[in-house]
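What follows is each chain in one-letter form.
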Amino acid sequence: SLSAGLDLPGRFLFATLTLMTLIAILVFIEEAVYIYRKIPSSKRSIIIWINAAAPVISTTSCIGMWVPRSTMFTDFTAGIFFAIVIHKFLMMMIKECGGQKVLLRRFENGHFTITTGPCCCCCLCLPRVPITRQTLFWLKLGTFQFAVFRPVLIFLSIVLWTNGNYVLYNLSPKGPALWISCFIGALTLFALWAVGIMFRKVRMLLKCKNIIPKFALYQFIVILNHLQTTIINIFATQKIIPCAPPLSSTARGSYIAQQLLIMEMFLITVISRVVYRRKYHDLEPPECVAEEPGDKNQTP
């Protein structure tokens, strides 16, 4: 096995990264207990899901580092989990505004700006969309489809891989890997676009709840888990990352990506604990909610 052939610096690196993963898991467990005790039940599960993203990615990367043959399963597990987290983050923004009904009352005559990344940031001619129950449904559908279809596509990839038809680094048009990857990429862009549209509208309203640092942490996880890993894998496929026996170029690229993710997710776990642990006051209800029938006749 690879671990048996490691020299002293290699064993020290593996031990350090494993320790960082264990600390990240313990930090998350402590944070989950705090959230369960202090956060209202309507927001509790959503915030726990979002906080779990970094520790789960760190854990799957650590398992893939120690057991190289499990890399495909660990990467797919992290991908499925994060697809659900993207949908949860959109729902968290709606919950922090007071729920769907209160959000619609707050922005009764407002509009969504759809000229935002990653899909339409250059399409400045697109019209603004009114905020209605229907547009909120389409935004939620944009992230929900990713949480549903990505696990299905990943399951299909594993079935094809066990049969020998799916090769991760074979991007030939005749192979299924290219088409499945392109389809997953398109679904990812639509999901991130929906979250970006919602964030652009509510960021000033939820500034008191530190939504900007929370969104920044979420974006860092997206970039590091998807873009960084993809770039390293491309470098490894093109032999830019040289082989180092007994590791091939692709295996070495996978190791580099996993080790970087462990360190990065450890830092994000610690920062998330600081950002999400703060106590935030609820938003003031919109004026239209405060005026109920008969309220004007009541004296304080």
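The residue count restarts for each chain, going from 1 along the sequence in the order it is written. Since the coordinates come from a predicted model, pLDDT governs what is reported: local features require at least 70, and pairs of side-chain atoms require 80 or more to be given and counted, while whole-chain, interface and lining totals use all residues. Hydrogen atoms and water are omitted, and side-chain values are computed over all heavy atoms in the structure.

**Thoughts on the packing of aromatic side chains**
- Two aromatic rings from Phe, Tyr or Trp, using only the six-membered ring of Trp, form a pair when their centres are within 6.5 Å; if the ring planes differ by under 30 degrees the pair is stacked, by over 60 it is edge-to-face, and anything between is tilted. Overall, the coordinates contain 10 aromatic pairs when judged by the stated rule.
- Ring centres 5.1 Å apart and planes at 20 degrees place the aromatic pair Trp49 and Phe81 in the stacked group. With a gap of 32 residues between them, Trp49 in helix H2 (residues 41-66) and Phe81 in helix H3 (residues 71-96) connect regions that are remote in the sequence.
- Taking the centre distance of 6.1 Å and the plane angle of 50 degrees together, the rings of Phe89 and Phe215 count as tilted. One end of the pair, Phe89, is in helix H3; the other, Phe215, is in helix H7 (residues 211-237), and 126 residues separate them in sequence.
- We call a charge positioned over a ring when the NZ of a Lys or the CZ of an Arg lies within 6 Å of the ring centre and within 35 degrees of the ring normal. Here Arg44 stacks its cationic end above the ring of Tyr36, 4.6 Å away from the centre of that ring. Secondary structure counts use DSSP, requiring at least four H or I residues in a row for a helix and at least two E residues in a row for a strand, with both numbered from the N terminus.

**Digging into the packing of H3 against H7**
- Close contact between H3 and H7 brings their axes to 12 Å; oriented N to C, the two are set at 170 degrees. One element, H3, and the other, H7, form an angle in the roughly antiparallel class. Contacts between H3 and H7 involve Phe82, Ile86, Phe89, Met92, Met93 and Glu96 from the former and Ile211, Lys214, Phe215, Tyr218, Ile221, Val222 and His226 from the latter. Convention adopted: a line fitted to C-alpha atoms gives each axis, helices being fitted over their contacting stretch, and angles between N-to-C directions are expressed from 0 to 180 degrees. An angle below 35 degrees is read as roughly parallel, one above 145 as roughly antiparallel, one from 65 to 115 as roughly perpendicular, and any other as oblique. Two residues qualify as a contact provided that any one of their heavy atoms is within 4.5 Å of a heavy atom in the partner residue.

**Section: the state of the cysteines**
- In this description, a disulfide is simply a cysteine sulfur pair whose atoms lie within 2.5 Å. Scanning all chains against the criterion turns up 0 disulfides.
- We note that Cys97 lacks a disulfide partner, and the nearest cysteine sulfur, in Cys208, lies 9.6 Å from it.
- Classification of residues uses two cut-offs on accessible area relative to the type maximum, computed with a 1.4 Å probe and protein chains only: under 20% is buried, over 50% is exposed, and between them is partly exposed. For Cys97, a relative accessible area of 0% gives the class buried.

**Description of the nonpolar core**
- Core analysis: the biggest nonpolar cluster contains 64 residues, and Phe89, Met93, Leu103, Met198 and Tyr218 have the highest contact counts within it.
- Every element with two or more residues in this core is listed here: helix H1 (8-38), H2, H3, helix H4 (100-106), helix H5 (133-162), helix H6 (176-202), H7 and helix H8 (249-277).
- Sequence-distant contacts of Leu103, that is, excluding residues within four places in its chain, are made with Ile94, Cys97, Ile131, Leu136, Met198 and Val202.
- Think of a nonpolar core as a cluster: buried Ala, Val, Leu, Ile, Met, Phe, Trp, Tyr and Cys residues, connected wherever their side-chain atoms sit within 4.5 Å. Counting 9 residues, the second-largest nonpolar core is a separate cluster that includes Met20, Cys62, Ile262 and Phe266.

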